[in-house]
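Listed below, chain by chain, are the residues.
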Amino acid sequence: MSDGDSSAATAAGGDRAAEIDTAGAAADATDRRRLGAVVLAVLISQVLLYPGVPDLVVALGAPAGIDAGMWFLVAEFGAFVTFAVVWGALSDALGTRVPLIVTGALGGAASYVALASLPGLGLGFGAALLVRVVGGALTIGAFSLSITLLMDLRGGNGRNMGTAGFAIGLGAAVGSVVGGSLAGLGALYPVYAGAVVLAAAGLLAATVDDRRRTAAASDSGASDSEASDSGASDSEASDSGASDSEASDSGASDSASETHGRGFRGVLARARTTPGLLVPLAFGFVDRLTAGFFALVGVYYFQDPATFGLSAAGAGATLALFFVPFALLQSPFGALSDRIGRFLPVVAGSLAYGVATVGVGVAPAYPIAAALMVLVGVCGALMAPATMALVTDLVEPEVRGAAMGLFNVFGSLGFLAGFLVGGSATGAFGYTPAFLAVGGLELAIALALLPAVRSLSPGAGVIGRLGAEG
């Protein structure tokens, strides 16, 4: 081949590679939007119930009061804790995510239908809690694996997790407003609406390209090619007098090691032992604890005649004051963390978040509390995508499902703690001490883990360096 032909072939190869990259980026953008919509729908279906919880639990056979509302939420999040890692590790081991997302979403929708049917069947509140457990076990699969599939996309970890955070925040905002309005029409209306939205999430998820399956197939092809090359090498070794039995034993050992590494237990073990992973898990726990606190105590706090006396719709709209900025700022703040590092967004965001949370509980008038809810949303948007992106930074692609499952386990434990601590503290001491305790915990974790975050993500650029050094 002449030099001219070689140059032409090289140029053609470069053009072809550029076309492939462009097509891949376009496909990632499309799937990013679809997966964001799936996460959005799952969150809407979940939060639709929150503003009307005081009336819903009574309709399901429970006595009025914050205790019944607490256990209604705890039942679902207890299942989240139990099954989040199971779904994630299973998807890593099977090499597929989309079918599991679809199964979780459609199963969760069926559980909502079952929940709404209980009063007509004459079954009590205990049956409702059981249905909540089953529904939670299914729904967490759709939620956690949708975020994990976003992690599999290109375009920057902060950007991808910003998309997830945007969907979470917007879903919570829409769910709280719409749920409050539906609760005014009837206690079970939000449950029926949640079933429809969650079923739509499952159908949309079925249209997404399964990046994990593609990666697994690619890995398999590479392994086959390596095995073929290894076979040729073994043949040469045999010709030179090398021992075939030793080569066979070595191959069997490698195969067994690879199978173990990719199996369910191996995936889970590798995710658990990732250095530094406990840092974002700890932040995820406390961040979700405050969210769980607002989801339960905040609803009762804003509706209590002794505080602000809002309606269910008013309480839902107030929660939206937090969730709207939380949603809208996720993507830009996630991209910002890609540029300057995770240190400042995680630490500074957490400190400001804790202060604003305390402020909501001591606000003397509703307009001040409402303004502080907006500030809580802004601070949450600063830290949330950076915290999730830190998980992606630390783990290998092969164990992302299990790692995000662990993150959601800690997050769900945080929600549970928010429900239990918030409900118990409020019942025993009142609203103000409960807000002080939860906000103070956010401040404590940010200060305690500041050196650890600095070591994991020292920052980039002028702002990042100043934060990491300061």
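Residues numbered from 1 in each chain as written. Predicted model: local features only at pLDDT ≥ 70, side-chain atom pairs only at ≥ 80, totals over all residues. Heavy atoms only, no water.

A. Representation of the overall build of the chain within the structure. Counting its regular elements, the chain contains 19 helices and zero strands. Taking contacts inside the chain between residues at least 6 apart in sequence as the whole, the part at least 24 apart equals 86%. Of the roughly 18600 Å² of accessible surface on the chain, a fraction of 66% belongs to carbon and sulfur atoms. (Helix = DSSP H or I, 4+ residues; strand = E, 2+ residues; numbered from the N terminus. Contact = heavy atoms within 4.5 Å. Areas by Shrake-Rupley, 256 points an atom, 1.4 Å probe, with all protein chains shown as cover.)

B. Layout of the packing of helix α11 (residues 278-303) against helix α16 (residues 400-429). Viewed as axis vectors pointing N to C, α11 and α16 meet at an angle of 40°, and their least axial separation amounts to 6 Å. Classified by the interaxial angle, the pair formed by α11 and α16 is oblique. As for how α11 packs across α16, the hand of that crossing is right-handed. Residue classes in the contact of α11 with α16 are distributed as 17 nonpolar, 10 polar and one charged. (Axes fitted to C-alpha atoms, helices over the stretch in contact; angles between N-to-C directions. Parallel < 35°, antiparallel > 145°, perpendicular 65-115°, else oblique. Left-handed = near helix turned anticlockwise from the far one by under 90°. Nonpolar A, V, L, I, M, F, W, Y, C, P; charged D, E, K, R; others polar.)

C. Highlighting the nonpolar core. If you look at the biggest cluster of nonpolar residues, it comprises 117 residues, and the most contacted ones within it are F72, L115, V360 and F419. In this view, F419 contacts M70, L73, V74, F77, G292, A295, L296 and S424; residues no more than four positions away in its chain are not counted. With 12 residues, the next largest nonpolar core counts F283, F343, V346 and A446 among its residues. (Core = buried A, V, L, I, M, F, W, Y, C linked by side-chain atoms within 4.5 Å. Buried < 20%, exposed > 50% of the residue type's maximum accessible area, 1.4 Å probe, protein only.)

D. Looking closely at α11. Here α11 contains 26 residues, and its C-alpha end-to-end distance of 37 Å stays within 8% of the 38 Å for a straight helix at 1.5 Å per residue. The largest bend along α11 reaches roughly 40° and is located at V297. When you tally the buried positions in α11, you get 23 out of 26 residues, the bulk of the element. (Expected span 1.5 Å × (residues − 1). Bend = angle between axes of the 7 residues up to and from the residue.)

E. Representation of the side chain of D287 in the model. Relative to the helices and strands, D287 resides in helix α11. Among buried charged residues, D287 stands out as having no salt bridge; its nearest opposite-charge side chain is R288, 7.2 Å away. Residue contacts for D287: discarding those within four places in its chain leaves S350, Y353, M383, T387 and E442. (Lys, Arg positive; Asp, Glu negative; His and termini not counted. Salt bridge = Lys/Arg side-chain N within 4 Å of Asp/Glu carboxyl O.)

F. Main features of a nonpolar patch on the surface. A contiguous nonpolar surface patch, about 260 Å² in accessible area, is contributed by W71, L420 and V421. In this fold, L420 is placed in helix α16. Residue classification places L420 among the partly exposed positions, given a relative accessible area of 31%. (Patch = residues over 30% accessible without salt bridge, like charges linked within 9 Å, V, L, I, M, F, W, Y side chains within 5 Å.)

G. Structural detail: helix α3 (residues 66-94). Compared with an ideal rise of 1.5 Å per residue, which puts 29 residues at 42 Å, α3 spans 42 Å between its outermost C-alpha atoms and is within 8% of the ideal. G95 lies just past α3 and shows a positive phi near 75°.

H. Representation of the packing of aromatic side chains in the model. Overall, the coordinates contain 17 aromatic pairs when judged by the stated rule. Summarising the aromatic geometry, the rings of F77 and F419 are spaced 5.1 Å apart at their centres and angled 70° between planes, so their arrangement reads as edge-to-face. Placement of the pair is F77 in helix α3 and F419 in helix α16, with a sequence separation of 342 residues. Residues F77 and F419 agree in their burial class; the two are buried. Members of the aromatic cluster, joined through ring pairs, are F293, F294, Y301, F302, F308, F322, F323, F326, Y366, Y431 and F435. The ring centre of F72 lies 4.0 Å from the NZ or CZ of R132, which sits over that ring. (Phe/Tyr/Trp six-rings, centres within 6.5 Å; stacked < 30°, edge-to-face > 60°. Lys NZ or Arg CZ within 6 Å of the ring centre and 35° of its normal.)

Function-wise, these values are silent; they only describe arrangement.
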